[in-house]
Amino acid sequence: MIDWGAFVVVAVAALVGASAVVAIASLGIRLFESGSIAERRDSATGKLQRLVARALFVVCAALVLFGVYLIVPFFHSG
Amino acid sequence: MKDSSAVDISLLVVLVICLALFFDFTNGFHDTANAMATPIATGAMKPKVAVAIAAVLNLVGAFLSTEVAKTISGGLIREGNGGIQITPMMIFAGLIGAIMWNLTTWLLGLPSSSSHALFGGLIGAVSVGAGAGFGAIDPGVFLSKIVLPAVLAPLTAVVVAFTATKLAYWLTSGRKMINARRRFRVGQIFTSSLVSLAHGTNDAQKTMGVITLTLIAAGFQSPGSGPEFWVIAVCALAIAAGTYVGGWRIIRTVGTGITDVSPAQGFSAEAATTATILASSHLGFALSTTQVASGSVIGAGLGRSLNRVRWRVAGRIGIAWLVTLPCAAAMAAIAELIARLGPIGIAADALVGAVVIILMFRRSRRNPVTSKNVTGEIPIQHTPSVVMPKVPPIIASAKPGKPSSDSESNK
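One numbering rule holds for all chains: residues counted from 1, following each sequence as written. Each chain is given a letter, starting from A, and each ligand a number, starting from 1, according to the order in which they appear as written. Local features in a predicted model are, by the rule used here, given only for residues with pLDDT of at least 70; side-chain atom pairs are given and counted only at 80 or more, and totals for whole chains, interfaces and linings are based on all residues.

A. Focus on the overall build of chain B. Strands here are runs of E lasting at least two residues and helices are runs of H or I lasting at least four, both read from the DSSP assignment and numbered beginning at the N terminus. The number of helices and strands found in chain B is 15 helices and zero strands. Note on burial: count the other C-beta atoms lying within 10 Å of the residue's C-beta; 20 or more is buried, 12 or fewer is exposed, in between is partly exposed, and C-beta positions come from the backbone. For chain B, with 411 residues in total, the buried portion stands at 59%. Once C-beta atoms have been placed from the backbone, residue pairs whose C-beta atoms lie within 7 Å are recorded as contacts. Pairs at least 24 residues apart make up 87% of the contacts formed inside chain B by residues separated by at least 6 positions.

B. Fine view of the packing of helix α6 (residues 139-171) of chain B against helix α10 (residues 263-282) of chain B. Residues and elements named next belong to chain B. As a packed pair, α6 and α10 sit with axes 8 Å apart at the nearest point and diverge in direction by 140°. Classified by the interaxial angle, the pair formed by α6 and α10 is oblique. Helix-helix and strand crossings are classified by hand; for α6 and α10 the assignment is right-handed. Facing α6, whose interface residues are Thr156, Ala157, Val160, Ala161, Ala164, Thr165, Ala168 and Tyr169, α10 presents Ala264, Gln265, Phe267, Ser268, Ala269, Ala271, Ala272, Thr273, Ala275 and Thr276. Grouping the amino acids of the contact of α6 with α10 by side-chain chemistry returns 12 nonpolar, six polar and no charged. Structural elements are reduced to axes, namely lines fitted to C-alpha atoms, with helices fitted over the stretch in contact, and the angle between N-to-C directions of any two is expressed from 0 to 180 degrees. Here the word oblique covers every angle except those under 35 degrees (roughly parallel), over 145 (roughly antiparallel) and from 65 to 115 (roughly perpendicular). Each crossing gets its hand from how the near helix is turned against the far one by less than a right angle, where anticlockwise is left-handed and clockwise is right-handed. Ten residues, namely Ala, Val, Leu, Ile, Met, Phe, Trp, Tyr, Cys and Pro, are considered nonpolar, four, namely Asp, Glu, Lys and Arg, are considered charged, and the remaining ones, Gly among them, are considered polar.

C. Region of interest: the environment of B:Cys235. Residue and element names in this part refer to chain B. Inspection of the secondary structure assignment puts Cys235 in helix α8 (residues 229-245). Sequence separation between Cys235 and Phe23 is 212 residues, and the spatial gap between their C-alpha atoms is 9.8 Å. Beyond its immediate stretch of four places on either side in the chain, Cys235 contacts Asp24, Ala62, Ala204, Thr207 and Met208.

D. Broad picture of the nonpolar core. The nonpolar core criterion groups buried Ala, Val, Leu, Ile, Met, Phe, Trp, Tyr and Cys residues into a set whenever they are joined through C-beta atoms within 7 Å. By size, the foremost hydrophobic cluster in this structure holds 144 residues, and its most contacted members are A:Ala18, B:Phe92, B:Leu95, B:Ile96, B:Val160 and B:Cys235. If you tally residues by element for this core, the top one is helix α1 (residues 6-42) of chain B, at 17 residues. If we skip the residues at most four places from it in the chain, A:Ala18 touches B:Val160, B:Ala164, B:Ala271, B:Ala272 and B:Ala275.

E. Here's a closer look at the confidence of the model for chain B. What pLDDT expresses is the predictor's confidence in each residue, scored from 0 to 100. With 83% of its residues at a pLDDT of 70 or more, chain B shows a mean pLDDT of 82. Both confidence scores are given for the complex: pTM 0.84, ipTM 0.91.

F. Structural view of the interface of chain B and chain A. Each partner contributes to the interface: chain B provides 41 residues, whereas chain A provides 34 residues. Among the elements of the structure, α6, α7 (184-217) and α10 of chain B are those that each provide at least two residues to the side of chain B that touches chain A. Counting residues per element, the side of chain B that touches chain A draws most heavily on α6(B), which supplies 12 residues.

Dropping the structure here:
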């Protein structure tokens, strides 16, 4: 009748996916902000924090591209 | 209609195609809110820019896949040998029901599922037209394909968006971070664009499926074949045009009616919507985009606190979901009964339909909602459960000097 297994898989995948994107973006924003504050005092930590933040934003961008990949059937079913 | 001449059939098919495209158009403006309500509400994008992006992505998305179109009837209506012969007239009546209901909910500013309206309309028309009553409908398929997903979609979205919102606020907690949270707006642009693209790949196909079904039923196309290119093209254009016109009433309900969305909440809600829809379309459990999107906004509101959700608005949306299918079915059933009178009946249907549509648009002029006032006051809010100064969020947040964290600082 209803495929509960499929539903649980969908729900878990959605939860993990959304949480991952939001967590990475939030950490990036946090590091970027505190890095910006620290950098005003010429601290090396600030620079590092902003570098890591940028890396996290790149990961987010990659996840968005993965989303596009999933949406466009041409990429994965052809 | 078996006694009618070939000319009548062609005329009817043309009429059905026009109606199907109009339905596609209402589908577009009904669903702009799914992707664009929260970015408009937080000022991540200007209203006009947001609907333009959504329109382009819907147009592109419509060309990307025809999987859904091929399975539109999905076995819900027992067609074919030993089953029920679907005639163009039934599709005609079904579309009238679906369009009427889509416009009614639009006038009320309620985000109801266009798929439910379409299925309801077809079910209503077929039940009456085939004279089989609800025997025309496979109850098992009805329950597992429509009823249960309709309950599970918003629930899943609420849980996912709630978790994501909690996470976003927890990871950006602290006094220093209050201003930083507006940076989530940049993320909103991307997540909402993904929702638009996913919508385009799904929803335009329902109309393509209906038109193809009509062409097959009228004998213009061989059974089992996919949509023709011109069908794909006109459906894509119709849904994109509808999206660009923008169902501002619904955008207002979802963006500012359910809860006051902050950038962090908006991003979390959109991420939850995107993740849920992508997971559902790839792991084989179809969920309604509209219900997921509205559920996400409720979840994002809950992620801040319980009393930030205007339950009266959420309740109205819930009721709209419950009655969408039966109401569209009832309207389609009436249209089908009238249409059975013959050509005069069909003409009467078309005329009544056109008059009702014009009246609804005139009615909407009395309290117009446009891109200008879409983030303004909500007239349907009777109980101010949230005691907050009502700043128009878009004006406050569009300028960097005035942080949108107005709503966050008086937490």
